Amino acid sequence: MHPKRRPIIAGNWKMNMTATQAKELASKLIPLVAAVKDRDIVLGPPYTALQTVSEMIKGTNIGLSAQNLHWEDKGAFTGEISAEMLLDLGCKYVIIGHSERRQFFGETDETVNKKVKQALKKGLLPIMCVGETLTEREAGKLNDVINRQVTGGLKDLSADDMKKVVIAYEPVWAIGTGKTATPDQANEVHALIRQKVQSLYSAEIAEGLRIQYGGSVTPDNVSQLMAKPDIDGALVGGASLKPESFAALVNFK
Ligand code: PEP
């Protein structure tokens, strides 16, 4: 954690939670995090629960995120969701390029870039995910993969737009596996991302960039991760599905 960067803890619910279940989770969570003022709290329900969660968190310290969007404004794109639709439901953030989308739904650095640009054009704050697979790490390709994803995802973004982006470093081998990157491993990649952003933009923009770590973050390991200078938050899957564990994460010391 860095004194100048506001921590951001986000829950990615993935394809979990009906609207009814989401209502129950949110109603338990809201009071547990109500006193938090010095960090951003974000919930990323599935599309079908956005409306419900949006109504529940109105006027609270919790922001709403979608898990994806389409890069076009509207039209013949069956099954897709536009930025305008998300804004209309009260979304402030959108997760883009999650490794599950890259792995199972053919997302590439190019589509990630189109989505990041569309989100910013329409006024949503992108949480852009990057991360290497175990094979890539073991083959010594970590730096290349991260540099490629960062450069590709941010292509043609203005400096002003870059100031609104959050990057989530999520090593694919640590997502949903119970294997967390050690705080040092994570911090090393965060520093690499920051360096890359500095080379693409400026030291000032790199200094201000918030980089979340994601991959089996739990109430037990969050504090050690957040103690590292380049780790500014967490993107949390499994542990965000229970109000007590997500609240414990948000309230890390
Ligand atoms: C995620 O999917 O963004 C994630 C980090 O999942 P988990 O916390 O379950 O590893």
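Residues numbered from 1 in each chain as written. Predicted model: local features only at pLDDT ≥ 70, side-chain atom pairs only at ≥ 80, totals over all residues. Heavy atoms only, no water.

Enquirer: Could you clarify how one ought to interpret the overall build of the chain in this entry?
Expert: Broken down by element type, the chain carries twelve helices and eight strands. Relative to a compact globule of 253 residues, whose C-alpha radius of gyration would be 18 Å, the chain shows 17 Å and is just as compact. In terms of overall dimensions, the chain has a C-alpha envelope of 45 × 45 × 35 Å along the principal axes. Relative to all contacts within the chain whose residues are 6 or more apart in sequence, the contacts with residues 24 or more apart total 73%. As displayed, the chain offers around 11,400 Å² of accessible surface, 53% of which is attributable to carbon and sulfur atoms. Within the chain, one finds 31 positive and 29 negative side-chain charges whose respective centroids are separated by 3 Å. (Helix = DSSP H or I, 4+ residues; strand = E, 2+ residues; numbered from the N terminus. Rg over C-alpha atoms; globule rule 2.2 N^0.38 Å. Contact = heavy atoms within 4.5 Å. Areas by Shrake-Rupley, 256 points an atom, 1.4 Å probe, with all protein chains shown as cover. Lys, Arg positive; Asp, Glu negative; His and termini not counted. Charge placed at Lys NZ, Arg CZ, Asp CG, Glu CD.)

Enquirer: For this particular structure, what's the right way to read the pattern of salt bridges?
Expert: Think of it this way: side chains of opposite charge can pair up when their charged atoms draw near. On inspection of all chains with the given rule, the structure shows 21 salt bridges. A salt bridge links E24 to K28; the nearest nitrogen and oxygen atoms lie 3.2 Å apart. Here E24 pairs with K28, and both are found in helix α1 (residues 19-33), just four residues apart, close to one helical turn. Residue D38 is joined to R39 by a salt bridge in which the shortest nitrogen-to-oxygen separation is 3.1 Å. What makes R39 buried here is its relative accessible area of 12%. Look at the salt bridges and you will find they share partners, linking R5, R194, D230 and D232 into a network. (Salt bridge = Lys/Arg side-chain N within 4 Å of Asp/Glu carboxyl O. Buried < 20%, exposed > 50% of the residue type's maximum accessible area, 1.4 Å probe, protein only.)

Enquirer: Looking at this structure, I do not really get the pairing of strand β5 (residues 125-130). What am I missing?
Expert: As a general feature of sheets, a regular strand has side chains that alternate between the two faces. The element β5 is largely enclosed, with a buried count of five among its six residues. Across four bridges, strand β4 (residues 93-96) lies against β5 in parallel orientation. Across the sheet, I96 pairs through a bridge with M128, a residue of β5. Pairing analysis gives four bridges linking β5 to strand β6 (residues 166-169), with the strands arranged parallel. Counted as the bridge partner of I127 is V166 from β6. (Pairing = 2+ DSSP bridges.)

Enquirer: Sorry if this is basic, but what is going on with the state of the cysteines here?
Expert: In this structure the tally under the stated criterion is zero disulfides. The structure places no disulfide on C91, whose sulfur is separated from the nearest cysteine sulfur, that of C129, by 15 Å. Taking relative accessible area as the criterion, C91 reaches 6% and is therefore assigned buried. Take C129: its relative accessible area is 2%, and that puts it in the buried class. (Disulfide = S-S within 2.5 Å.)

Enquirer: Just checking my understanding: could you explain the layout of surface pockets for this structure?
Expert: It is the rolling of a water-molecule-sized probe over the atoms that shows where space remains empty. Volume-wise, the largest pocket comes out at about 410 Å³. Considering the residues around the largest pocket, the lining is formed by 15 residues, among which K14, M15, Q67, R101 and F105 are closest to the centre. Listing elements by their share of the lining of the largest pocket, those giving two or more residues are α2 (47-57) and α4 (99-104). With three residues, the single largest contributor to the lining of the largest pocket is α4. Here the residues of the lining of the largest pocket sort into seven nonpolar, five polar and three charged. In this model, the second largest pocket occupies a volume close to 180 Å³. Around the second largest pocket sit L125, M162, K163, K164, V165, V166, E204, I205, G208, L209 and R210, which together line it. Looking at the lining of the second largest pocket element by element, the count peaks at three residues for helix α10 (residues 203-208). In the lining of the second largest pocket, the residues fall into six nonpolar, one polar and four charged. (1 Å grid on protein atoms, 1.4 Å probe; cavity = no way out; pocket = protein on both sides within 12 Å on 5 of 7 lines; lining within 4 Å. Points joined across faces, edges and corners; volume = space filled by probe spheres on them. Nonpolar A, V, L, I, M, F, W, Y, C, P; charged D, E, K, R; others polar.)

Enquirer: In this structure, what is going on with the site of the ligand? I would like to understand it.
Expert: Inspection of the region around the ligand gives 14 residues, with K14, H98, E170, G176 and S216 positioned closest. For the ligand, an oxygen atom lies 2.6 Å from a polar atom in the side chain of K14. Contact between the ligand and G238: an oxygen atom at 2.8 Å from a main-chain N or O atom of the residue. Here the ligand loses 95% of its free accessible area of 290 Å² to cover by the protein chains. (Near = heavy atom within 4 Å. Polar contact = N/O pair within 3.5 Å; in protein donor to acceptor, adjacent residues only side chain to side chain.)

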